[in-house]
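A look at the structure
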Amino acid sequence: MERAVAERPSTAPVKGLELSAPDITSAEIAAVTEVLRTGRLSLGPKLAEFERRVADYVGVRHAVAVNSGTSALHLIVRALGLKEADEVITTPFSFIASANCLLYERVRPVFADIEPDTLNLDISRVAAAITPRTRALLAVDVFGRPAAWGELRALARERGLALIEDSCEALGARYQRADGTWAMAGALGDAGCFAFYPNKQITTGEGGMIVTDRDDLAALCRSMRNQGRDEGAGWLQHARLGYNYRLSEVNCALGLVQMQRLDEILAARRQVAQWYEEALAGIPGVETPQARPGKEISWFVYVVRVTGCTSREELETILTGLRARGVACSNYFPPIHLQPPYRTAFGYGEGDFPVTEAVSCQTVALPFYTRLGREGVMWVAEQVRAGLASREG
Ligand SMILES: *Cc1c(COP(=O)(O)O)cnc(C)c1O
């Protein structure tokens, strides 16, 4: 708690660093306190303000706040009318929620493999996976790196498919269109979404947001997050099946301050990433993440590749070694198709998506948050160097 509310970058000792940490200042604490004093704790002015702020930032007509990124994805799937036996093509290299949202509606996730360098969907494999049952493409801006939206949009248009953007890891990322103009992540499909869990770029504790230019999708999502009520209708009138996916005024007040501080937060994260790039340069067997032309990263996590690593066991040994040195770390991400619900329901197994499987034996997320500091980064890099060297020896 002490550390989380510090107003200046921590010069604290660089031992036992966590994987992530929210950036909360006294401004957030004041805003939350103020809401509590008003007595209006749900469906109030902070909700409208938070939504407006995100919509304007992303450059879309509508933003609909919900209680998680997963809820946001679920409502998009429902609003698009996707249903049992429909197929949606998506990536196996992501956080599991990006595919689970399909299972909730008995929609079949058809995975397509990723590109080994961007870690995003490989457009040629997406095209090859289209069948007469395909209804939508669901692409993820993994680790805050925009997917191939120009190609995805062209393919979706040509085949008459809806396009869903899981931009939960990419608030603030930018994609350059063919005409040279830039679009914000979230604005690139029929609907996009963000998540505000404490490890994301900004947090509301728990929370999420749907963003879209489509009036029909926004209205449906707005209704379904609130028990299927239509705007202006009575409290006990439910026009359709809905949920309680509302986000409280307390969360929205927190999110609003985080949005006001977004540029500062993203700049701090960019700085930490740059320090990592310098500190890790020249460590044998470690590949650092690189931006691609026309795709501006918003730093969500800092994931390096241990290039010589070829098995899950080997990777686990490396992670265990780093943790023993006090470095929090994680394997972002184990392939979704190899998780039990997917193996069981669809018969997916090893070897189905070789690029994803090979990449996920090499990807290690290192401690990453705004206040990590240069010393912290240097210390982590030193542990990585020593950890990998000891493994070789
Ligand atoms: C975090 C995340 C989500 C879900 O967000 P929650 O708020 O945790 O439900 C969905 N997709 C991706 C890619 C994510 O990283």
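Fair warning: this is a prediction, and the values are worked out from it, not measured in the lab. For every chain, the first residue of its written sequence is number 1, and the numbers climb from 1 along that sequence. Totals for whole chains, interfaces and linings use all residues, but because this is a predicted model, local features are given only for residues with pLDDT of at least 70 and pairs of side-chain atoms are given and counted only at 80 or more. Calculated side-chain values reflect all of the structure's heavy atoms, with hydrogen atoms and water omitted.

**Quick notes on the sheet that holds strand 10 (residues 286-287)**
In a beta sheet, neighbouring strands pair by backbone hydrogen bonds and run either parallel or antiparallel. Criterion used throughout: strands pair if DSSP finds at least two bridges between them. Each helix is a run of DSSP H or I of at least 4 residues and each strand a run of E of at least 2, with the numbering of both proceeding from the N terminus. The strand order across the open sheet built from three strands is 10-12-13, with neighbouring strands paired in antiparallel fashion. Taken across any chain shown, the strands that pair with only one partner, and hence form the sheet edges, are strand 10 and strand 13 (363-366). The pairing of strand 10 with strand 12 (residues 302-306) spans two bridges and is classified as antiparallel. Paired with Glu-287 across the strands is Arg-305, a residue of strand 12. Residue contacts are counted whenever heavy atoms from the two residues lie within 4.5 Å of one another. Fitted lines through C-alpha atoms serve as axes, helices being fitted only where they are in contact, and the angles separating the N-to-C directions of these axes extend from 0 to 180 degrees. The strands that helix 9 (residues 262-280) touches are strand 12 and strand 13; relative to strand 12, the one it contacts most, it runs at about 25°. Here helix 10 (residues 312-324) sits on the sheet and contacts strand 12 and strand 13; the angle it forms with strand 13, its principal contact strand, is near 15°.

**Looking at the site of the ligand**
Near the ligand, the surroundings consist of 14 residues, among which Gly-69, Thr-70, Asp-166, Glu-169 and Lys-200 are the closest. Note that a nitrogen atom of the ligand is positioned 2.7 Å from one of the side-chain N or O atoms of Asp-166. Glu-169 is positioned such that a nitrogen or oxygen atom in its side chain is 2.5 Å from an oxygen atom of the ligand. All accessible-area figures derive from a Shrake-Rupley calculation using a 1.4 Å probe, and residue coverage is judged against the displayed protein chains alone. Computed on the free molecule, the ligand has an accessible area of 380 Å², of which 92% lies beneath the protein chains in the complex. Residue contributions to the shell around the ligand peak at three residues, all from helix 3 (residues 69-79). Amino acids are sorted into nonpolar (Ala, Val, Leu, Ile, Met, Phe, Trp, Tyr, Cys and Pro), charged (Asp, Glu, Lys and Arg) and polar (every other residue, Gly among them). When its residues are assigned to classes, the shell around the ligand shows six nonpolar, five polar and three charged. For this description, a residue counts as near a given molecule or strand if any of its non-hydrogen atoms is within 4 Å of it. Within 3.5 Å is the distance limit for a polar contact, defined as a pair of N or O atoms, with the added protein rule that one can donate a hydrogen and the other accept it, and that residues adjacent in sequence qualify only through two side-chain atoms.

**A word on helix 10**
Expected helix span is taken as 1.5 Å per residue step, with the number of steps being one fewer than the number of residues. For helix 10, which comprises 13 residues, the first-to-last C-alpha distance of 18 Å matches the rise-based estimate of 18 Å (1.5 Å per residue) to within 8%. To sort residues, take the accessible area from a 1.4 Å probe on protein chains only and compare it with the maximum for the residue type: under 20% means buried, over 50% means exposed, and anything in between is partly exposed. Where helix 10 is concerned, the buried positions are Leu-315, Ile-318, Leu-319 and Leu-322. All buried residues of helix 10 lie within an arc of 100° about the axis, which places them on one face of the element. Facing away from the buried side of helix 10 by more than 90 degrees, the exposed set consists of Glu-313, Thr-317 and Ala-324. Backbone geometry just after helix 10 places Gly-326 at a positive phi near 95°. Starting at the helix axis, one direction is taken to each C-beta atom, and the arc is that of these directions.

Fair warning: the whole summary comes from geometry, so function is off the table for now.
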